[in-house]
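A look at the structure
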Amino acid sequence: MDLIESYREELQLIRKPGTRVWVGAFVLLLILLPLFAPEHVIYVVTIIAIYTIGVQGQNLLIGNTGQISFGQAGFLAIGAFTFGHLNQWGVPWPFGLIAAGIAAGLFGIVVGFPSLRLKGPYLAIATMGFGIAVYQVFVNSETLSGGRMGLSVHKMQPLFGLSAINFNYYFNFAIALVFTLLTYNIISSYMGRAFIAIRDNDIAAEVIGVNLTRYKLLSFAISSFYTGIQGGLYGLFMGYLEPNMFTFMESINLFVAVIIGGLASVEGSIMGAAFVILVPQVFNAYKELVPVVYGVTILLVLIFEPMGLYGRWFKLRLYFRNWPFR
Amino acid sequence: MSQFLQYFISGLSTGSIYALVALGLALIYRSTRILNFAHGDIATAGTFIAFMLLSLNFHFSLSFLLALLCGAAIAMLFYFCVLIPAQRREATQLGQIILTLGFGLILQGLISYFGGSEPQSFPFPLSDTTVYSFGGIVVSQLGLGTMGISLLACLLFFLLVQKTRIGLAMRATSENLTGAQTLGIPTRKILALSWGLAAFLGVLAGLFLAPALLLDPFFMLEPFLKGFAAAILGGLNSLPGAIVGGLILGVAESLAGGFVSIAFKNTLAFIIIILVLLVRPEGLLGEEFKERV
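Scoring rules and cut-offs
- Residues numbered from 1 in each chain as written.
- Chains lettered and ligands numbered in written order.
- Predicted model: local features only at pLDDT ≥ 70, side-chain atom pairs only at ≥ 80, totals over all residues.
- Helix = DSSP H or I, 4+ residues; strand = E, 2+ residues; numbered from the N terminus.
- Rg over C-alpha atoms; globule rule 2.2 N^0.38 Å.
- Buried ≥ 20, exposed ≤ 12 C-beta atoms within 10 Å, placed from the backbone.
- Contact = placed C-beta atoms within 7 Å.
- Pairing = 2+ DSSP bridges.
- Core = buried A, V, L, I, M, F, W, Y, C linked by C-beta atoms within 7 Å.
- Axes fitted to C-alpha atoms, helices over the stretch in contact; angles between N-to-C directions.
- Parallel < 35°, antiparallel > 145°, perpendicular 65-115°, else oblique.
- Left-handed = near helix turned anticlockwise from the far one by under 90°.
- Nonpolar A, V, L, I, M, F, W, Y, C, P; charged D, E, K, R; others polar.

Some details on the overall build of chain B
Each helix and strand counted, chain B has 11 helices and two strands in total. Traced from its N-terminal end to its C-terminal end, chain B shows the element sequence α-α-α-α-β-β-α-α-α-α-α-α-α. What you see for chain B is a C-alpha radius of gyration of 19 Å, in line with the 19 Å of a compact globule of 293 residues. Projected onto its principal axes, the C-alpha positions of chain B cover 60 × 50 × 35 Å. Within chain B, the proportion of its 293 residues that are buried is 51%.

Topic: the overall build of chain A
Looking only at helices and strands, chain A has 15 helices and two strands in total. For a compact globule of 326 residues, the expected C-alpha radius of gyration is about 20 Å, and chain A comes in at 20 Å, within 12% of that figure. Considering only C-alpha atoms, chain A reaches an extent of 60 × 50 × 40 Å along its principal axes. Across the 326 residues of chain A, 48% fall into the buried class. In chain A, the proportion of contacts linking residues at least 24 apart, taken out of those at least 6 apart, comes to 78%.

Observations concerning the pairing of strand β1 (residues 131–134) of chain B
Residues and elements named next belong to chain B. One ladder, built from four bridges, connects β1 with strand β2 (residues 137–140); its direction is antiparallel. Bridge pairing links phenylalanine 134 to isoleucine 137 in β2. The hairpin turn running from β1 into β2, its antiparallel successor, is two residues long, and glycine 135 in that turn takes a positive phi close to 55°.

Details of the nonpolar core
Residue and element names in this part refer to chain B. Grouped together as the largest cluster of nonpolar side chains are 187 residues, with contacts concentrated most on Leu23, Ala229 and Ile273. With 16 residues, the top contributor of residues to this core is helix α8 (residues 187–209). Residue contacts for alanine 229: discarding those within four places in its chain leaves Leu249, Ala269, Phe270, Ile272 and Ile273.

Re the packing of helix α3 (residues 60–88) of chain B against α8(B)
Residues and elements named next belong to chain B. For the pair α3 and α8, the least separation of the axes is 7 Å and the interaxial angle reads 140°. In terms of orientation, α3 and α8 fall into the oblique class. In this structure, α3 crosses over α8, and the sense of that crossing is right-handed. Here α3 contributes Phe64, Ala67, Leu68, Gly71, Ala72, Ile74, Ala75, Met76, Tyr79 and Phe80 to the contact with α8, which in turn contributes Leu191, Ala192, Trp195, Gly196, Ala198, Ala199, Phe200, Gly202, Val203, Leu204 and Leu207.

A short note on the interface of chain B and chain A
With 37 residues of chain B at the contact, the number on the chain A side is 34 residues. At the level of elements, α3, α4 (93–115), α9 (221–234) and α11 (262–279) of chain B are the ones that each hand at least two residues to the side of chain B that touches chain A. The element that contributes the greatest number of residues to the side of chain B that touches chain A is α4(B), accounting for 16 residues.

Examining the packing of helix α5 (residues 141–163) of chain B against helix α6 (residues 165–175) of chain B
Residues and elements named next belong to chain B. Viewed as axis vectors pointing N to C, α5 and α6 meet at an angle of 75°, and their least axial separation amounts to 5 Å. Relative to α6, the element α5 lies roughly perpendicular. Packed against α5, whose contacting residues are Leu160, Val161, Gln162 and Lys163, the element α6 presents Ile166, Gly167, Met170 and Arg171 at the interface. Here the contact of α5 with α6 is built from residues that sort into four nonpolar, two polar and two charged.

Quick notes on the environment of Ala124(A)
Structurally, the position occupied by Ala124(A) is in helix α6 (residues 120–140). Residue classification places Ala124(A) among the buried positions, given that 23 C-beta atoms sit within 10 Å. In sequence terms Ala124(A) and Ile68(A) are 56 residues apart; their C-alpha atoms lie 5.4 Å from each other. Discounting chain neighbours no more than four positions away, the residues touching Ala124(A) are Ile68(A), Phe70(A) and Leu35(B).

Quick look at the environment of Leu233(A)
Residue and element names in this part refer to chain A. Positionally, leucine 233 belongs in helix α11 (residues 212–238). On the neighbour-count criterion, leucine 233 (28 C-beta atoms within 10 Å) is buried. Sequence separation between leucine 233 and alanine 49 is 184 residues, and the spatial gap between their C-alpha atoms is 10.0 Å. In this structure, leucine 233 is in contact with Ile50, Asn172 and Ile175, ignoring residues within four places of it in sequence.

See below:
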């Protein structure tokens, strides 16, 4: 529907002035949030911001490259514990965070190797096996997991005279914003197009000159880098880490966020992250029923709206743009 | 040596449970190319139904039978109410796998809501403290019963698939769906039957596992994952492979737990998955992958 006339236009993140206003207003609202929202809301939005990073990485892998992975909890754990141990040794947080991302990314490459031979369901099982194996290694090894009490992480000292919760909010929000912009740029670059070509048909992609090995591994590396960063930030925010934060259910959570949000869409990733965080908050009184809500939403989304929440939003926008014509 | 045999036998008994789970998974994968992530949850649901019936003072045989049938009914319901509408809307294969995941989550939530998430002990006619000794090797009554029932179930299942008209129709459907439809086989009913049978086997495994473990909404998660590993090891599209894979996995696990370390026992299955997929993705008895552009 949008007519794109030049490559410069294709690379632009926002093409219409109207969208610019909306996005600007949304970011401004998030920046001003601590002025009027209660602390509990800020806490939840901070967690959503942290989650957004991992879901975006996951979406690059599942939505854009079409490689299913159920092993995200493993990468999350690797990132989080790398960060936790470095933090214990007194390494400053920027290096710790980057190291967390890189450690997870390296494991991502290792897990990516089976993806060169395996497809669809088989890959899903291989990655699932990885995720659970990592969890069990952490559970069984006290040196890695920091013992029974978990690994404590030194929280950051608030700067600029902000309260701790507001400082954490701005810190995580800024990092999430940086990663969101990064994701947009990855998708609109050569790399992003190579990913999409692999998803649509990997043999055809190889025929037109996409280096399959490199880009499949790259996709795994980038997505686990994102997840590792998420793990590190989560540890920094929570102040302690224990293996039970990274069970198979955590992988499922991230996966659900991608599916419900909408495959291959950055906005969808953000909506999906918000969904998986908000549902347990809303259904706080009926904790047992949270999986039911997830499950029912998955069934409805996959049967009626395969594009996810983003697809619904997109169609709504289209409807109002064309109103009163159909 | 007797220690080795002891581990071997106890491995066979757990392995036969894995074999039952793997058989259900392989049956569904073979006929519909769907990995059933709800398999463990359906089995848990069936076991909880048996538990509720038992606490209402039903007889063992009756409540077990009802639980098995309920499990099968749940799976068929899923096939008719979710998968078929999704297929009408051209859901992809990945989409259908995710649907089973969603259904599993729903079942899991409902079980914890209605059944309670506290671990409960499951009453069972066979006890695992009464033991028999065969020349130095000790087998519990429960282990013996598990092995016997799984062997019987596998045998009956084999006869059903290989020797009856229904089995022929099932094999034809999994071989070539359109071809089977052309020949007048009611493929939808046959596939629903496959789902039901798979769930039946899953619940059977759940019923024999519950007395050995404690009954809680997640008790089937690990055996289910192990069943997955077993199915992969034997080849996902091969039914005999599932049984062989299950037994090998059970024995390997028991030996690793006995001679290497207990902590390593649970990780073994997932290492096996990754190794098998790297070296021989089609499994021990599976067929080769073929792909065309």
